[in-house]
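So the chains spell out like this:
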Amino acid sequence: MVPSYIRTRAFDGAADTGIDTHAFIEQKQPFGLGEPEDVAHAVAFLLSDAARFITGTQLIVDGGYLAQ
């Protein structure tokens, strides 16, 4: 699992720098700041029978960050 920027307490604490972090991320991630549920859904998929034949790969959960 390779998540990008996800809204968590740790992220919100680190984001208190005076810079509009959320605006910066929205410029970089077309789908905006991720939520913990976004990663949880991807993990649930990998744990499901639907992913039983998927091995040895990284699942990138980045809201389109790498698509730029």
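Preceding this section is the structure that the text describes.
Quick notes on the rules
- Residues numbered from 1 in each chain as written.
- Predicted model: local features only at pLDDT ≥ 70, side-chain atom pairs only at ≥ 80, totals over all residues.
- Heavy atoms only, no water.
- Helix = DSSP H or I, 4+ residues; strand = E, 2+ residues; numbered from the N terminus.
- Rg over C-alpha atoms; globule rule 2.2 N^0.38 Å.
- Contact = heavy atoms within 4.5 Å.
- Areas by Shrake-Rupley, 256 points an atom, 1.4 Å probe, with all protein chains shown as cover.
- Lys, Arg positive; Asp, Glu negative; His and termini not counted.
- Charge placed at Lys NZ, Arg CZ, Asp CG, Glu CD.
- Buried < 20%, exposed > 50% of the residue type's maximum accessible area, 1.4 Å probe, protein only.
- Polar contact = N/O pair within 3.5 Å; in protein donor to acceptor, adjacent residues only side chain to side chain.
- Salt bridge = Lys/Arg side-chain N within 4 Å of Asp/Glu carboxyl O.
- Phe/Tyr/Trp six-rings, centres within 6.5 Å; stacked < 30°, edge-to-face > 60°.

1. Some details on the overall build of the protein chain
Helix and strand content of the protein chain: three helices and two strands. Along its sequence from the N terminus, the protein chain presents helices and strands in the succession β-α-α-α-β. What you see for the protein chain is a C-alpha radius of gyration of 14 Å, clearly larger than the 11 Å of a compact globule of 68 residues, by over 25%. Reported as C-alpha extents along the three principal axes, the dimensions of the protein chain are approximately 45 × 25 × 15 Å. Looking at the protein chain alone, contacts between residues at least 24 apart form 66% of all its contacts between residues at least 6 apart. Entry remark: accessible area of the protein chain is about 5100 Å², with carbon and sulfur atoms responsible for 57%. Charge-centre separation for the protein chain: the mean point of 4 positive side chains lies 6 Å from the mean point of 9 negative side chains.

2. Looking at the side chain of Gln29
Locating Gln29 in the fold gives a position in the loop between helix H2 (21–28) and helix H3 (36–47). Residue classification places Gln29 among the buried residues on the basis of a relative accessible area of 1%. Within polar-contact distance, the side chain of Gln29 engages the side chain of Ser4 at 2.4 Å.

3. Considering the pattern of salt bridges
Here the structure, examined in full by the defined rule, presents one salt bridge. Notably, a salt bridge pairs Arg7 with Glu35, separated by 2.8 Å at the nearest N-O pair. Taken as a pair, Arg7 in the loop between strand E1 (2–3) and helix H1 (9–14) and Glu35 in the loop between H2 and H3 lie far apart in primary sequence, 28 residues in all.

4. Regarding the packing of aromatic side chains
Per the counting criterion, the structure on display carries one aromatic pair. Taking 6.2 Å as the distance between ring centres and 75° as the angle between the ring planes, the aromatic pair formed by Tyr5 and Tyr65 counts as edge-to-face. Taken together, the residues span a long stretch of sequence, with Tyr5 in the loop between E1 and H1 and Tyr65 in the segment after strand E2 (60–61) at a distance of 60 residues. Judged by relative accessible area, which is 32%, Tyr65 ranks as partly exposed.

So yeah, pure geometry; function would need other evidence.
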